[in-house]
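Topology and contacts: notes
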Amino acid sequence: MPSSRGNTKMPKTLFEKIWDAHVVTQPDGGPALLYIDLHLVHEVTSPQAFEGLRLTGRSVRRPDRTFATMDHNVPTDNPFDVKDPIAAKQITTLAENCREFGIPLAGLDSPDQGIVHVIGPELGLTLPGKTVVCGDSHTSTHGAFGALAFGIGTSEVEHVLATQCLWQKRPQTLQLDLQGTRAPGVTAKDVILGVIAQHGVSFGTGYVIEFTGPVVRAMSMEERMTLCNMVIEGGARAGLVGPDETTFAYVRGRRYAPADSEFDRYVEAWKALNTDEGATYDRVIQFDVSDLEPQVTWGTNPAMCVGVNGTVPDPSQYDNEVERKAVEQALQYMGLKPGTPIQDIEIHHVFIGSCTNSRIEDLRVAAEVVRDRKVAPGVRALVVPGSKRVKEQAEAEGLHEVFKSAGFEWRESGCSMCLAMNPDTVPAGERCASTSNRNFEGRQGRGARTHLVSPAMAAAAAIAGRFVDVRKLMTSYQTS
Amino acid sequence: MEPLVRHRGKVARLNRVNVDTDQIIPKQFLKRVERSGFGQFLFYDWRFRPDGSINPEFELNQPQYSGASILVAGANFGCGSSREHAPWALLDYGFRIIIAPSFADIFYNNCFKNGILPIVLSQAEVDDLMEKALAPGYELEVDVERQTVTDGHGWVSTFSVDEFRRNMLLKGLDEIGLTLQYEAAIAEYERKRESLQPVL
C-alpha cells in the first residue's frame, strides 16, 4: 500500500510499517485508534462481549472480518457429547451469537473446526501485514506470518465487534536475533523456552518482538508459529517474523488467501513489509542457539526451565529473597528436590497438543520418535491434533496408527489438556510432559504438575516413562 | 462503568511475584456467560483447600485483610492468559486498586475497562507498603486526578497513568461510545484501504 506520508525514506521496521498502515486516527498524541483486519472469536472470552452489544443495541461492524470457532471447552473423545452443562451452554451461546450477528463459524460439525490459532493460518485468514486480534493471549502465534497479532480482553472483544478498531498505545520494538546453528533434535519450542529461561517471564513486557537471523529464516511456518506463540510467556503481546518465501509457499492456495491470479502482486507488497536496512529497534537481544539442548521446565512458570541434561536448581543459590521464595514454592508444588537430574523425573501423563505444538509437523516429529515403540507402562499419553484438518492430514499419512499402536490415545481437536477446561485433566500430584505453553499451578488440573517440552521430548518421555534426551532415541540424529 | 476519582480503603498484601491469571481465577470458573459473580472464585486454589474449606495460611484469608479494597502485589502481576475474568473476580471480591512494581500488559489494560486502577510504584515503595500492610487496618488513599497515594500518616507517593485511561476512569466513560464518535474516520479509512489492492 503506497505510503500516504510522502516520499521520505525513513527506514522502518516491520512493526512500524504495519502499525502506521492501521492508524485510523490519533487524537492529541494519545493512543492510536488502530484498525483490526481480522478478529478471531472463541466460546470462552466472547459471551459477555456479545451480551454487551445486545444491552446497548449495537451491532457487529464487520462480520466479514470476524471468524469464530469452538476450541477451549470441546471434549476430545466425543466433541458432541458435552457433559458439563455450563460448558455446553458456552458452546451453544457462541453458535447463537454467531447466528444472530452474522459471523462465520467453524462449529463442532464443521471440517474447519480446531484451535483458533491453528485454523486462522490453515484457512489463509492470517496473512502478512494484517492486524489480528482474539480474546486469547496466544494470538501472538499469528505473528509468524508477519501479521501484528495480539491477545485482548473481553471488553476489547466487544469494542472490536462494535467498531473494528482498538485504542492502542504504541508498543516498543525488540529485535530478538537468533544466531548460530541448532543441534539436531533442538526444536523451535526449545529455542523459545531457552530464551525465556535466560531472560525471564517479563522481559518482553511493553514490546513487540521481531525474530531475526538465520535460525528463524531456516524455520518452517509451524516452527515460527511455535516461536511467536510463546512470546507472551516472556511478557510480549506480539511476536513477528518477516514474511519470506517460506511464508508465501505456506499461504498460497489457502481458502481465504489471495487467488492465484493476483497472488504474485500480493507477494511483492508483502516483501516490502520487511524491516528496512538501517531501521532501528528500541532494544536488541542476541541469542545463540548453538549450545542449546532440548529444554524441560521444572517449575511453575515457563522461565523455570533447564536443559534435559541439567538438574533441578537449589533455591539457596538464589540471592534475591522473593525469587528464592518463588523457587521454593515452585519446587514444593512440583514435588521436586534440588539437585535431582531432570532425567530421573518420572512422568504419568503425556500431552501432545495445544496452539503451541499440535500442527502436522509437530505430530510428524513425535510420530517418528514413537514409531515401533511402546508407551511405558503406567503412562497415559494423548495426542490431540490442533484442528480437524491436521487430524485428517495426519491420518492420511498414517500417523494415527503409529501413535495408536504405541499406546497413545488419538483424539479429536481442541485445546484439551493445555488448560483442562474440557474433561482432559491431570490428577493432583501427578506429572505431565506437555507440549503446551504454561506450567502454572493448577493449569492442567488442581495440583497437577506440568513440565513443558517439545513434541519430540514429550514423545520420548512417553516411551521412557521419564524425561530422556530425545536425541538418544532418534536414529536419524545418531549419525550427527 | 463506575467512575473512580478518589478511593480510600484497607490494604491487603500478596507478596508474590509473577502472579498469573490462572491463579487469580482458575479455568474451571471461566465457563459462565455472565460478567458477575466471579469474586467467590478469586485465587480459588490458594484461598481454599482441595476439600473446599478455607486455607488459613493464604494471605488474603487473614482476618485483618477482610474488606480490603487495595491489593499490594509483587512484580509482573497478572501475567499469562488474557481472561478478563481476572479483573472481574478482583472487582467482585472488592478490589478497586492494585499496586505493584509492574503488571503484565493485557491484564493492565483489562483493569481500566472495569474501573480498576493498577498503580505502578517502584520496587522500594512496594516493599515499603508490603511492610506497612502487615499492620492491621492499614489504609491508603488514592487520588486519581492528582495521581497520588497517601496513608495520611506521612507516606506519600505519586504515580502516572496516561491521560486517556485516567480520563476514562475519572468519568467512567463507555469506550465504545467514544470510539463511535469517530465513525466517519473509520468509514473513510475502510473506503481508502479497500480501494487500494493489495490491502495490507
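Higher on the page you've got the structure.
Residues numbered from 1 in each chain as written. Chains lettered and ligands numbered in written order. Predicted model: local features only at pLDDT ≥ 70, side-chain atom pairs only at ≥ 80, totals over all residues. Heavy atoms only, no water.

**Concerning the overall build of chain A**
Looking only at helices and strands, one finds 16 helices and 19 strands in chain A. Of all 480 residues assigned to chain A, the portion counted as buried reaches 65%. Of all intrachain contacts in chain A linking residues separated by at least 6 positions in sequence, the fraction that spans at least 24 positions is 76%. Accessible surface, chain A as shown: approximately 16300 Å² in total, 48% of it carbon and sulfur. Between the averaged position of the 48 positive side-chain charges in chain A and that of its 58 negative side-chain charges there is a distance of 2 Å. (Helix = DSSP H or I, 4+ residues; strand = E, 2+ residues; numbered from the N terminus. Buried < 20%, exposed > 50% of the residue type's maximum accessible area, 1.4 Å probe, protein only. Contact = heavy atoms within 4.5 Å. Areas by Shrake-Rupley, 256 points an atom, 1.4 Å probe, with all protein chains shown as cover. Lys, Arg positive; Asp, Glu negative; His and termini not counted. Charge placed at Lys NZ, Arg CZ, Asp CG, Glu CD.)

**A closer look at the overall build of chain B**
Of the regular secondary structure elements, chain B holds eight helices and seven strands. Judged by the C-alpha coordinates and their principal axes, chain B covers about 65 × 45 × 25 Å. Sorting the 200 residues of chain B into buried and exposed places 58% on the buried side. A separation threshold of at least 6 residues defines the contact pool for chain B, and within that pool the share at least 24 residues apart is 67%. Summed over all atoms, the accessible surface of chain B reaches about 8000 Å², with 49% contributed by carbon and sulfur. Computed over 22 positive and 28 negative side-chain charges, the separation of the two mean positions in chain B equals 2 Å.

**A few points about the pattern of salt bridges**
Using the criterion set out here, one finds 49 salt bridges over all chains in the structure. One salt bridge in this structure joins A:Lys391 and A:Glu395, with 3.2 Å as the shortest N-O distance. Taken together, the residues span about one helical turn, with A:Lys391 and A:Glu395 both in helix α13 (residues 388–396) at a distance of four residues. Taking the relative accessible area as the measure of exposure, A:Lys391 reaches 13% and is therefore buried. One salt bridge connects B:Arg165 with B:Asp162, and the closest N-O pair in it is separated by 3.0 Å. Residue classification places B:Arg165 among the buried positions, given a relative accessible area of 16%. Under the relative-accessibility criterion, B:Asp162 is labelled partly exposed at 27%. Via salt bridges that share partners, A:Asp37, A:Arg61, A:Arg62, A:Asp64, A:Arg65, B:Glu183, B:Glu190, B:Arg193 and B:Glu194 belong to a single interconnected network. (Salt bridge = Lys/Arg side-chain N within 4 Å of Asp/Glu carboxyl O.)

**Considering empty space enclosed by the protein**
What the rule picks out here adds up to three cavities of 30 Å³ or more. By volume, the largest cavity amounts to about 210 Å³. What lines the largest cavity is a set of 22 residues, among which A:His72, A:Asp136, A:His138, A:Leu419 and A:Arg443 lie closest to the centre. For the lining of the largest cavity, a count of residues per class yields seven nonpolar, 11 polar and four charged. Here the second largest cavity defines a volume of roughly 70 Å³. A:Thr205, A:Ile232, A:Gly235, A:Arg237, B:Gly78, B:Cys79, B:Gly80, B:Ser81, B:Ala104, B:Asp105, B:Ile106 and B:Phe107 are the residues that line the second largest cavity. When the residues that make up the lining of the second largest cavity are grouped by side-chain class, the tally is five nonpolar, five polar and two charged. (1 Å grid on protein atoms, 1.4 Å probe; cavity = no way out; pocket = protein on both sides within 12 Å on 5 of 7 lines; lining within 4 Å. Points joined across faces, edges and corners; volume = space filled by probe spheres on them. Nonpolar A, V, L, I, M, F, W, Y, C, P; charged D, E, K, R; others polar.)

**Observations concerning helix α8 (residues 221–229) of chain A**
Within α8(A), nine of the nine residues are buried, which leaves it mostly tucked inside the rest of the structure. Restricting attention to buried positions, one finds in α8(A) the residues A:Met221, A:Glu222, A:Glu223, A:Arg224, A:Met225, A:Thr226, A:Leu227, A:Cys228 and A:Asn229.

**Focus: the interface of chain B and chain A**
If you look at the interface, chain B gives 59 residues, while chain A gives 74 residues. With both chains or domains summed, chain B and chain A bury close to 5500 Å², and 55% of this area falls on carbon and sulfur atoms. For the pair chain B and chain A, the interface holds 12 salt bridges. Between B:Lys113 and A:Glu156 there is a salt bridge, with the nearest N and O atoms lying 4.0 Å from each other. Scanning the region where chain B abuts chain A turns up 38 residue pairs in polar contact (both at pLDDT 80 or more). For the side of chain B that touches chain A, the secondary structure elements donating two or more residues are α1 (21–24), α2 (44–47), α3 (85–93), α4 (105–112), α7 (175–180) and α8 (183–195) of chain B. Sorting elements by how many residues they give to the side of chain B that touches chain A places α8(B) first, with eight residues. When grouped by side-chain class, the residues that make up the side of chain B that touches chain A number 24 nonpolar, 14 polar and 21 charged. (Buried area = accessible area lost by both parts, 1.4 Å probe. Polar contact = N/O pair within 3.5 Å; in protein donor to acceptor, adjacent residues only side chain to side chain.)

**Topic: helix α15 (residues 455–464) of chain A**
All names here are of chain A. In terms of burial, α15 is largely enclosed, as nine of its 10 residues are buried. For α15, the full list of buried residues reads Pro455, Ala456, Met457, Ala458, Ala459, Ala460, Ala461, Ala462 and Ile463. Summarising the contacts, the buried residues of α15 are in contact with β13 (295–297), β15 (349–352), α12 (360–370), β16 (380–383) and β18 (431–434).

**Overview of the environment of A:Val24**
Tracing the chain through its elements places A:Val24 in strand β1 (residues 23–25). Setting aside chain neighbours within four positions, we find A:Val24 in contact with A:Leu33, A:Tyr35, A:Cys165, B:Ala185, B:Ile186 and B:Tyr189.

**Notes on the pairing of strand β1 (residues 6–14) of chain B**
Direction of pairing for β1(B) relative to strand β5 (residues 139–143) of chain B: antiparallel, over a ladder of five bridges. From the neighbouring strand, B:His7 faces β5(B), where its bridge partner is B:Val142. (Pairing = 2+ DSSP bridges.)

**Concerning the layout of surface pockets**
Where empty space is left can be seen by rolling a probe of water-molecule size over the atoms. Empty space within the largest pocket amounts to approximately 1200 Å³. In terms of lining, the largest pocket is formed by 49 residues, of which the most central are A:Glu156, B:Asn109, B:Phe112, B:Lys113 and B:Arg165.

**Regarding the sheet that holds strand β17 (residues 409–410) of chain A**
Through backbone hydrogen bonds, the strands of a sheet pair up, either in parallel or in antiparallel fashion. All names here are of chain A. Pairing in this open sheet of five strands is parallel, and the strands run β17-β16-β15-β18-β19 from one edge to the other. Each end of this open sheet is capped by a strand with a single partner; those strands are β17 and β19 (449–452). Across two bridges, the pairing between β16 and β17 is parallel. Counterpart to Val383 in the pairing with β17 is Trp410. Strands β18 and β19 of the sheet are contacted by helix α11 (residues 321–334), whose axis makes an angle of about 110° with β19. (Axes fitted to C-alpha atoms, helices over the stretch in contact; angles between N-to-C directions.)

**Considering the packing of α3(B) against α4(B)**
All names here are of chain B. It is the contact of α3 with α4, at a shortest axis distance of 9 Å, that shows an interaxial angle of 50°. When the axes of α3 and α4 are compared, the pair comes out oblique. In this structure, α3 crosses over α4, and the sense of that crossing is right-handed. Where α3 abuts α4, its residues Ala86, Pro87 and Leu90 lie against Phe107, Asn110 and Cys111. Its residues placed into classes, the contact of α3 with α4 shows five nonpolar, one polar and no charged. (Parallel < 35°, antiparallel > 145°, perpendicular 65-115°, else oblique. Left-handed = near helix turned anticlockwise from the far one by under 90°.)

**Things to note about the nonpolar core**
By size, the foremost hydrophobic cluster in this structure holds 111 residues, and its most contacted members are A:Phe408, B:Phe43, B:Phe77, B:Leu90, B:Ile99 and B:Leu117. When residues in this core are grouped by element, the largest group, eight residues, is from α15(A). Not counting chain neighbours up to four residues away, the residues in contact with B:Phe77 comprise B:Leu14, B:Val19, B:Ile24, B:Phe43, B:Leu71, B:Leu90, B:Ile98, B:Ala100, B:Ser102, B:Phe103, B:Ala104 and B:Phe107. Counting 79 residues, the second largest nonpolar core, distinct from the first, contains A:Phe50, A:Met70, A:Ala257 and A:Tyr266. (Core = buried A, V, L, I, M, F, W, Y, C linked by side-chain atoms within 4.5 Å.)

The quantities given are spatial measurements derived from coordinates; they are silent on function.
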